[in-house]
Amino acid sequence: VTQEAEEVEEAETAPAAASTASAKHEKDFYPYILIGAGTASFAAMEAIREKDSSAAILIIGNEDIGPYMRPPLSKEMWFNKSEETTENLSFKDWQGKERNIVLQGKEKIDALNQEDLEKIESAESGVKLLTGVTVSDLNVAEQSITLNNGKVLKYGKVLLATGGVPKTLLVLKGAGADKVSTFRSVEDFKHLHSLVKSSDKKIVVVGGGFLGSELAVAISHYGKDKNVKVTQIFPEDGNMGLVFPRYLSKWTTSQVEQEGVVVKANSRVASTKTVNEGKQVELTLENGEKVVADHVVVAVGIEANVELAKKAGLELDEIRGGVAVNAELQARHNVYCAGDMTSFHDVTLGRRRVEHYDNAILGGRVAGQNMASDKLHKTYKHQSMFWSDLGPHIGYEAVGILDSKLSTVSIWTKKPTVAEGDKEATDAPSDAATAERATATPLPAEAVKVEDKEKYNKGLVLYLKDKKIVGLLMWNNFGKVEDARKILGQVYDTEKVEALVKPFGIHEE
Ligand code: FAD
Ligand code: NAD
């Protein structure tokens with residue numbers, strides 16, 4: 001079912017009581033309060049207004065600017081041709097169109113400051129945005145929130161979309177606070193960008209996941225003319241080692257290296273100290289090797305930001321992190337969650353927490369629709385996608401669960417056969433056996449010659465769990481997300497694999 005079809009199905013439902021007259025004229029009451037001015041709140045706001053065109057919505061965020069896209073901060077923004085474009089927070093998208101990272105939609109958003117807030121007698125129709133303000137408490141019984149200045153606001157419905165907080169490593173403490181930073185916000189981007197602007201900088205990126213890999217490539221590209229050197233350090237065998245099968249992770253590393261990054265895989269930082277009169281940091285790795293840097297960027301994952309939810313007594317997911325919500329993204333009566341901080345029940349793949357942009361958009365929309373209509377009870381079942389670019393030869397889109405511990409089956413253009421996933425990375429013997437039977441020409445990890453540039457030109461990787469296809473990775477193969485969604489959750493059948501992958505056009509070139 002496409003999202004559009006779902007919308008039509010549900011178009012008849014009436015707006016929620018949240019916007020009805022009962023409390024409308026009460027001071028400091030807002031029918032809809034969205035906490036966290038990020039992607040998920042933005043999407044929820046748009047969805048609420050689509051269903052309830054006169055809704056009064058208050059978005060509260062603690063960054064200095066309103067909702068913006070984070071994805072370009074570790075990609076496109078470092079590839080801008082002019083510094084002016086970057087200063088304006090603009091970037092060129094993959095189609096060459098110049099855009100700004102600040103999210104813009106149909107709705108007019110009025111910026112408020114705390115004084116304006118005091119002057120408002122009763123919430124009027126429209127979208128208001130309060131920036132630079134932290135919500136410090138949520139009282140579910142009273143249907144109220146408290147701002148960091150002590151002000152209390154009442155809500156009809158509330159959305160928690162507080163995102164995630166970057167983790168850091170204790171071992172980096174010795175490096176001095178100004179030499180180490182995490183990377184999440186536009187402020188973090190500005191800070192790192194200004195550091196790399198000057199010549200001859202040595203930057204260390206710690207972490208080999210989505211962010212560490214994208215940033216290492218981006219900084220290296222940006223700093224090429226300025227003799228900036230980037231070293232990336234992480235414990236896995238290759239970049240994206242927790243996500244891609246082992247052979248593909250190794251291939252990815254070879255491509256990251258081609259972008260000028262010195263990659264130290266299978267490495268951890270053992271200790272740090274400042275050197276050169278405090279101007280630089282020296283990192284000692286577990287194997288004794290020393291790396292000197294002007295600055296260290298830590299990209300070792302995030303923790304779901306549940307501070308507020310925890311204080312409010314909402315149910316937390318102890319395994320995945322995040323607030324536990326049902327398939328309708330509801331945590332408690334009139335309390336909804338969306339985006340990175342949400343552990344939701346996925347009716348196809350089971351309980352999950354997803355840390356990607358499209359999930360924030362789609363989840364935010366479903367939460368908003370449910371908030372705006374008491375009768376809707378919409379299930380969040382539209383599978384979100386994610387994507388990344390790593391240098392000129394790697395771009396991918398994906399749906400579902402991509403975990404390198406799962407058994408995988410890969411199909412590549414250059415080999416007109418079904419190739420085996422990486423067995424060493426498999427912890428599910430029955431799945432491995434399935435994959436092996438499907439293998440016309442096995443492709444063991446050792447056989448991968450990374451110097452063969454064409455090898456992983458275009459392909460598809462299927463991730464299997466209990467014989468079910470739980471994830472699909474479309475490698476340099478764009479526009480196939482809808483086809484992938486259709487296959488997700490199906491039982492993997494070796495006999496039918498050719499028909500299954502036909503829509504992906506792998507063998508057409
Ligand atoms: P956020 O966007 O983090 O928004 C939450 C907001 O809430 C923040 O502004 C936070 O400051 C605020 N907040 C928190 N607590 C409070 C409080 N108590 N009071 C007020 N405000 C509060 N995903 C992809 O799919 N593809 C990509 O290419 C990609 N690239 C990325 C690049 C970078 C550099 C980063 C950091 C992430 C990237 N992601 C990407 C992930 C994607 O950006 C996130 O999944 C998405 O931003 C999540 O949206 P969100 O609304 O849940 O949280
Ligand atoms: P991640 O979860 O993708 O990667 C975590 C990485 O931390 C691991 O791959 C590992 O290499 C590293 N790590 C863990 N312990 C370590 C240690 N002791 N020493 C060195 N490295 C260690 O998280 P991330 O890459 O930090 O990304 C941050 C957030 O931003 C995530 O939510 C991510 O999904 C999101 N993001 C997504 C995209 C995208 O979808 N294209 C791009 C950038 C960021």
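Fair warning: this is a prediction, and the values are worked out from it, not measured in the lab.

Student: Can you help me understand the site of ligand 2 in this one?
Tutor: Taken together, 22 residues surround ligand 2, and among them Gly-208, Glu-236, Gly-301, Glu-355 and His-356 come closest. Within the backbone of Gly-208, a nitrogen or oxygen atom sits 2.8 Å from an oxygen atom of ligand 2. The side chain of Glu-236 places a nitrogen or oxygen atom 2.6 Å from an oxygen atom of ligand 2. Contact with the protein chains hides 82% of the accessible area of ligand 2, taken as 840 Å² for the molecule alone. When contributions to the shell around ligand 2 are tallied by element, the ones reaching two or more residues are helix H6 (210-223) and strand E25 (385-389). Among the elements that line the shell around ligand 2, the one with the most residues is H6, at 4 residues. Within the shell around ligand 2, the residues separate by chemical class into 11 nonpolar, 7 polar and 4 charged.

Student: What is the right way to read the pairing of strand E16 (residues 280-285) from this model?
Tutor: A regular strand carries its side chains on alternate faces of the sheet. Burial runs high along E16: 6 of the 6 residues are buried. The two faces of E16 match: Gln-280, Glu-282 and Thr-284 on one face and Val-281, Leu-283 and Leu-285 on the other face are all buried. The sheet contact formed by strand E15 (residues 269-275) and E16 spans 6 bridges and is antiparallel. Bridge assignment links Thr-272 to a residue of E16, and that residue is Leu-283. Connecting E15 to the antiparallel partner E16 that follows it, the hairpin turn spans 4 residues, and Asn-276 within it adopts a positive phi of roughly 50°. With 4 bridges connecting them, E16 and strand E17 (residues 290-293) associate as antiparallel partners. Counted as the bridge partner of Val-281 is Ala-293 from E17.

Student: Would you mind going over the packing of aromatic side chains with me for this structure?
Tutor: The relative placement of two aromatic rings is captured by the distance of their centres and the angle of their planes. Counted by the stated rule, this structure contains 13 aromatic pairs. Seen in terms of ring centroids, Phe-210 and Phe-386 are 5.7 Å apart; in terms of plane orientation they differ by 85°. Their pairing is edge-to-face. Of this pair, Phe-210 sits in helix H6 while Phe-386 sits in strand E25; the two residues are 176 residues apart in sequence, bridging distant segments of the chain. Owing to a relative accessible area of 26%, Phe-210 belongs among the partly exposed residues under this scheme. According to the relative accessible area criterion, Phe-386 is buried, its value standing at 7%. Residues Tyr-247 and Trp-412 carry aromatic rings whose centres are separated by 6.5 Å and whose planes lie at 85° to one another, so their mutual orientation is edge-to-face. Here Tyr-247, found in helix H7 (residues 246-258), pairs with Trp-412, found in strand E27 (residues 407-412); they are 165 residues apart in sequence, far enough to count as distant. By relative accessible area, which is 1% here, Tyr-247 ends up buried. Its relative accessible area of 2% is what places Trp-412 among the buried residues. Lying across the ring of Tyr-222, Lys-226 places its NZ or CZ 4.0 Å from the centre.

Student: How should I be thinking about the pairing of strand E23 (residues 342-346) in this particular structure?
Tutor: Burial analysis of E23 places 4 of its 5 residues in the buried class, the great majority of the element. Across 2 bridges, strand E20 (residues 323-324) lies against E23 in parallel orientation. Bridge pairing in E23 places Ala-324 opposite Ser-343. Where E23 and strand E24 (residues 350-353) come together, 4 bridges link them in antiparallel fashion. The partner of Phe-344 across the bridge, within E24, is Arg-352.

Cut-off values and rules
Residues numbered from 1 in each chain as written. Chains lettered and ligands numbered in written order. Predicted model: local features only at pLDDT ≥ 70, side-chain atom pairs only at ≥ 80, totals over all residues. Heavy atoms only, no water. Near = heavy atom within 4 Å. Polar contact = N/O pair within 3.5 Å; in protein donor to acceptor, adjacent residues only side chain to side chain. Areas by Shrake-Rupley, 256 points an atom, 1.4 Å probe, with all protein chains shown as cover. Helix = DSSP H or I, 4+ residues; strand = E, 2+ residues; numbered from the N terminus. Nonpolar A, V, L, I, M, F, W, Y, C, P; charged D, E, K, R; others polar. Buried < 20%, exposed > 50% of the residue type's maximum accessible area, 1.4 Å probe, protein only. Pairing = 2+ DSSP bridges. Phe/Tyr/Trp six-rings, centres within 6.5 Å; stacked < 30°, edge-to-face > 60°. Lys NZ or Arg CZ within 6 Å of the ring centre and 35° of its normal.

What is shown is where atoms sit, not what they do.
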